[in-house]
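The chain contents come next:
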Amino acid sequence: MRPSRRAPDELRAVSLERGVVKYAEGSCLVKFGDTHVLVTATLEDRLPPWLKGQGRGWITAEYGMLPRATLERTRREASAGKQSGRTVEIQRLIGRSLRAIINLEALGERQITVDCDVLQADGGTRTASITGAWVALADCIGWMKARNMVKAEVLRSNVAAISCGIYNGTPVLDLDYAEDSEAETDANFVMTGDGRIVEVQGTAEKTPFTEAEFLALMALARKGVARLVDLQKMAVA
């Protein structure tokens, strides 16, 4: 039995609320159960120096956790003077995931910066961030279309992410913190709307896993991502 009493293939309650920030071109408050992330998308008429003059744009991401997103207060990274390796890794993952489904040439020589701020953490902050980031990005691109700033299709597909793991010997979907902290195997899957894989991160925390167990996790992830993509489409409809 899972601590949450969910079925092995059951997501937490997921919500995607658009337009929650007045000034951002796109925004989304995403909730995966008790994990809550505020995502904003900001359009900027600037590019990294190495991209200038190439006729294409860029998508980048920043990620952070508020001090009381966790059970005990976490020191702000700004006060420490540097970002942790975990933070850098997650924001790079978010950026890669979004760029995988964007037509950068159609975007033009502009940059969209996606900020993911964790308000409350209960496992799966990176997967929630990616899933909510797509909604914020879609709204930002819609904002540009309404002003005739882009002509061709910029978004090629949806992208969403979900965690899976082996908990008490059973493959399960969408781990919360109670499961994540005790799982034998922990994995994150990022997939497009048509089921193609963008990235897989999998680690044996206690016991090495078999190919059959990996395929079971993959099957769970496909089911979970398909549901998340449906929710994304409903959110932006």
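On a predicted model such as this, the values are computed, not experimentally measured, just so you know.

*Asks:* What am I meant to see in the packing of aromatic side chains here?
*Replies:* Taken as a whole and judged by the stated rule, the model has two aromatic pairs. Between the aromatic rings of W50 and W58, the centroid separation amounts to 5.0 Å while the plane-to-plane angle is 80 degrees, which identifies the pairing as edge-to-face.

*Asks:* Whenever I open this one, the packing of helix α4 (residues 125-146) against helix α6 (residues 211-236) confuses me. Can you help?
*Replies:* Geometrically, a packed helix pair is captured by the angle between its two axes and the distance between the axes. Closest axis-to-axis distance for the α4/α6 pair is 10 Å, and the angle between their directions is 30 degrees. As summarised for this structure, α4 and α6 are arranged roughly parallel, according to the angle between their axes. Between α4 and α6 lies a crossing of right-handed hand. Taken together, the residues of α6 that come into contact with α4 (itself represented by T131, W134, V135, A138 and D139) are L228, Q232 and V236. A per-class count over the contact of α4 with α6 returns five nonpolar, two polar and one charged.

*Asks:* Hey, could you run me through the sheet that holds strand β4 (residues 58-65) in this one?
*Replies:* Adjacent strands of a sheet form backbone hydrogen bonds with each other and so pair up, either parallel or antiparallel. Strand order in the open sheet formed by five strands is β1-β2-β3-β5-β4, and the pairing between neighbours is mixed. For this open sheet the edge positions go to β1 (14-18) and β4, each flanked by a neighbour on one side alone. In this sheet, neighbouring strand axes are inclined to one another by 15 degrees on average, regardless of whether the strands run parallel or antiparallel. Note: strand β3 (residues 35-44) against strand β5 (residues 111-120), nine bridges, orientation antiparallel. Across the sheet, E44 pairs through a bridge with Q111, a residue of β5.

*Asks:* Where do I start with the pattern of salt bridges in this structure?
*Replies:* Side chains bearing opposite charge may pair, as long as their charged atoms lie close to each other. Under the definition given, this model contains 13 salt bridges. Residue D174 is joined to R12 by a salt bridge in which the shortest nitrogen-to-oxygen separation is 2.9 Å. Residue D174 is located in the loop between β7 (170-173) and α5 (177-180), and its partner R12 is located in the segment before β1; the two are separated by 162 residues in the primary sequence. Looking at D174, the relative accessible area reads 0%, which means it is buried. Here R12 falls in the buried class, since its relative accessible area comes to 7%. D139 is paired through a salt bridge with R18; the nearest N and O atoms lie 2.8 Å apart. Of this pair, D139 sits in helix α4 while R18 is found in strand β1, placing the two residues 121 residues apart along the sequence. Classification of R18 by relative accessible area gives partly exposed; the value is 34%. Connected through salt bridges with shared partners, the residues R2, R6, D176 and E179 form a single ionic network.

*Asks:* Would you take a moment to explain helix α2 (residues 85-99) for this structure?
*Replies:* In an α-helix, one turn spans 3.6 residues; hence positions three or four apart end up facing the same way. If you check α2, its first and last C-alpha atoms are 21 Å apart, about what 15 residues at 1.5 Å a residue would give, namely 21 Å. Within α2, burial applies to T87, I90, Q91, L93, I94, G95, S97 and L98.

*Asks:* I keep staring at the nonpolar core and nothing clicks. Help me out?
*Replies:* Across soluble globular proteins, nonpolar side chains show a tendency to be buried alongside one another. Core analysis: the largest hydrophobic core is formed by 62 residues, its most contacted members being I59, I94, I112, V114 and I162. Of the residues forming this core, the biggest block, 11 residues, is contributed by α4. Residue contacts for I112: discarding those within four places in its chain leaves A41, T42, L43, W58, I59, T60, L107, L137, C140, I141 and M144.

What counts and what doesn't
- Residues numbered from 1 in each chain as written.
- Predicted model: local features only at pLDDT ≥ 70, side-chain atom pairs only at ≥ 80, totals over all residues.
- Heavy atoms only, no water.
- Phe/Tyr/Trp six-rings, centres within 6.5 Å; stacked < 30°, edge-to-face > 60°.
- Axes fitted to C-alpha atoms, helices over the stretch in contact; angles between N-to-C directions.
- Helix = DSSP H or I, 4+ residues; strand = E, 2+ residues; numbered from the N terminus.
- Parallel < 35°, antiparallel > 145°, perpendicular 65-115°, else oblique.
- Left-handed = near helix turned anticlockwise from the far one by under 90°.
- Contact = heavy atoms within 4.5 Å.
- Nonpolar A, V, L, I, M, F, W, Y, C, P; charged D, E, K, R; others polar.
- Pairing = 2+ DSSP bridges.
- Salt bridge = Lys/Arg side-chain N within 4 Å of Asp/Glu carboxyl O.
- Buried < 20%, exposed > 50% of the residue type's maximum accessible area, 1.4 Å probe, protein only.
- Expected span 1.5 Å × (residues − 1).
- Core = buried A, V, L, I, M, F, W, Y, C linked by side-chain atoms within 4.5 Å.

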